[in-house]
Every structure is written in C-alpha cells, then in structure tokens.
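One-letter residues, chain by chain:
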Amino acid sequence: LVAHRPQEAVIEPIGRPDVKLNYALYEFSGRLLDETGAINIEIASPELRNDAESGIGTVESPRIHIREERDHWYIEAESAIISPDREQVMLAGEVSLSREDDVSGQLLEIASSDIVLDVTPRTARTEAPVRIRQQGDRLDAVGMRLDMINETYELLNDVSARYETP
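What you see is a predicted model, and the numbers here were worked out from it, not measured in a lab.

**Q** Explanation requested: the overall build of the chain in the structure shown.
**A** Within the chain, the regular secondary structure consists of zero helices and ten strands. For the chain, the α and β elements follow one another from N to C terminus as β-β-β-β-β-β-β-β-β-β. Every one of the 166 residues in the chain was classed for burial, and the buried ones make up 33%. Considering only contacts within the chain whose residues lie at least 6 apart along the sequence, 35% involve residues at least 24 apart.

**Q** Explain the pairing of strand β2 (residues 39–50) to me, please; I cannot follow it from the model alone.
**A** Within a regular beta strand, the side chains point alternately toward one face of the sheet and then the other, so they alternate between its two faces. Looking at chain direction, strand β1 (residues 23–33) and β2 are connected through ten bridges and run antiparallel. Among the inter-strand pairings, Tyr-23 is bridged to a residue of β2, identified as Asn-50. Hairpin connection from β1 to β2: five residues lie between these consecutive antiparallel strands, with Gly-37 at a positive phi of about 95 degrees. Relative to strand β4 (residues 63–67), β2 runs antiparallel, the two sharing four bridges. Its bridge partner being in β4, Ile-43 is matched across the sheet by Ile-64. With four bridges joining them, β2 and strand β3 (residues 57–60) adopt antiparallel strand pairing. Considered in β3, the bridge of Arg-49 is made with Thr-58.

**Q** What exactly am I supposed to notice about the pattern of salt bridges here?
**A** Opposite charge on two side chains permits them to pair, given that their charged atoms come into close proximity. A complete count under the given rule lists eleven salt bridges for this structure. One salt bridge in this structure joins Glu-42 and Arg-67, with 2.9 Å as the shortest N-O distance. Taken as a pair, Glu-42 in strand β2 and Arg-67 in strand β4 lie far apart in primary sequence, 25 residues in all. According to the relative accessible area criterion, Glu-42 is buried, its value standing at 18%. Taken together, the salt bridges that share partners define one network made up of Arg-31, Glu-42 and Arg-67.

**Q** Would you explain the environment of Ser-45 in this entry?
**A** Mapped onto the elements of the fold, Ser-45 is located in strand β2. Taking the C-alpha atoms as reference, Ser-45 lies 9.2 Å from Gly-30; in sequence the two are 15 residues apart. Apart from residues no more than four positions distant in its own chain, Ser-45 is found in contact with Glu-27, Phe-28, Val-59, Glu-60, Ser-61, Pro-62 and Arg-63. A polar contact is formed between the side chain of Ser-45 and the backbone oxygen of Glu-47, at a distance of 2.9 Å.

**Q** I tried to follow the layout of surface pockets on my own but got confused; where do I start?
**A** As a volume, the largest pocket reaches approximately 480 Å³. As for the largest pocket, its lining consists of 24 residues, and the residues nearest its centre are Leu-32, Ile-41, Ile-43, Ile-82 and Arg-86. Contributing elements (two or more residues each) for the lining of the largest pocket: β1 and β2.

**Q** It is not clear to me how the nonpolar core should be interpreted in this structure. Could you clarify?
**A** Generally speaking, nonpolar side chains in soluble globular proteins are found buried as a group. With 30 residues, the main nonpolar core has Ile-75, Leu-91, Leu-97 and Ile-110 as its most contacted residues. Elements with a contribution of two residues or more to this core: β2, β4, β5 (71–82), β6 (88–101), β7 (107–118), β8 (123–134) and β9 (137–147). When residues of this core are assigned to their parent elements, the largest contribution, five residues, is made by β5. Setting aside chain neighbours within four positions, we find Leu-97 in contact with Trp-73, Tyr-74, Ile-75, Leu-108, Glu-109, Ile-110, Ile-115, Leu-146 and Met-148.

What counts, and where the lines are drawn
- Per-chain numbering applies: the sequence of each chain, read as written, is numbered from 1 onward.
- Reporting in this predicted model follows two pLDDT cut-offs: at least 70 for local features of residues, and 80 or more for side-chain atom pairs to be given and counted; totals over whole chains, interfaces and linings ignore these cut-offs and use all residues.
- Hydrogens and waters are ignored; side-chain quantities use all the structure's heavy atoms.
- The secondary structure listing takes helices from DSSP runs of H or I that are at least 4 residues long and strands from runs of E that are at least 2 residues long, numbered from the N terminus.
- Only protein chains enter the accessibility calculation, which uses a 1.4 Å probe; a residue is then buried when its area is under 20% of its type maximum, exposed when over 50%, and partly exposed in between.
- Two residues form a contact once any of their heavy atoms are found within 4.5 Å.
- At least two bridges found by DSSP between two strands are what make those strands a pair.
- One side-chain nitrogen of Lys or Arg within 4 Å of one carboxyl oxygen of Asp or Glu is enough to make a salt bridge.
- Think of a polar contact as two N or O atoms within 3.5 Å of one another; within protein, one of them needs to be a possible hydrogen donor and the other a possible acceptor, and neighboring residues in sequence only count if both atoms come from side chains.
- Lining residues are those with an atom within 4 Å of a point, where the points come from a 1 Å grid over the protein atoms alone and group into cavities, where a 1.4 Å probe fits but cannot get out, or pockets, open sets with protein on both sides within 12 Å along at least five of seven lines.
- Grid points are joined across faces, edges and corners, and a volume is the space filled by probe spheres set on the points.
- Here, nonpolar core refers to any group of buried Ala, Val, Leu, Ile, Met, Phe, Trp, Tyr and Cys residues whose side-chain atoms link them within 4.5 Å.

Below, the structure written as structure tokens:
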C-alpha cells in the first residue's frame, strides 16, 4: 500500500482591481483651484464622458469660466475633447469666447469654430474664420492666436476691419 500526500492547490494572489473605469457624468460642473485654493477655472456641461483606456474626455455643450487677475473669460462650444493630461481642450463646432474686464467693464467677443485651448499657458488658436467685436469695432480674419494672460491676439490671414468712431 502506497499513500500519496494530496497536493495542495496553488492559489494565485488576486491582482489589484483596475480602478480606471469608463464613466459618464450628467449635469456636470467642476472647479480647478490655483495654488492658493482660489477658483481658477470652472466648467459645466450636460454630459461629460471619460474613456479609461485613452484617458480622453468628451464634453457636450461645455461652458467654461476662466478667471484671470482682472478679467473673466467665458467660453462656450458645441462640444469638446479633453486631452488625457487635461492640458489641452479641443473646442469643436461653433465656439464663442468673451472677455469681461473687471476694471473697465469692456467686453471683447470672439466667434469662431474648432479652437484649441491650451490650459496652463491660457492660449487658444484656430485656423478657422474668426470675428472679433469690441466697443462697436469688428475684425474678421481667417486664423487666430490668443493669449488670455497678456490680453493679446494675432489675426493670421485675410484680415478686414470695421471701426466705429464715437
């Protein structure tokens, strides 16, 4: 009679669960704070989706509010794609940007489409037609580079202007 010791079953350790999930948020709003804890950027949307594998976020009808020292920028678009590092937002369809100066009360309005917003340097660019309105003046062009911090813009091609005298 030969007795064999039963072999114990080898139990593999359970791996960590994958915490990256696809998700969707409805009637979403969020805030990004600066290093002092003050609100820097606010975003709201009826729908935000995140793809876990790519890290890309898609946003329907985003409304973005960016606070600068003395300016408030308001941005609206038909949709947006947010890069995985959250540093670039591709605003798609019709896009409107407006800047309100807290001190002077002046309003700058920009209408275009397909704008790329670089979050940290606060710049934006497009190759599409652009219309800028400020105090009755109107500028039309094809393509633009915008620097929100330095309050400058560069119109790239086919620039035309209509100025209103007081």
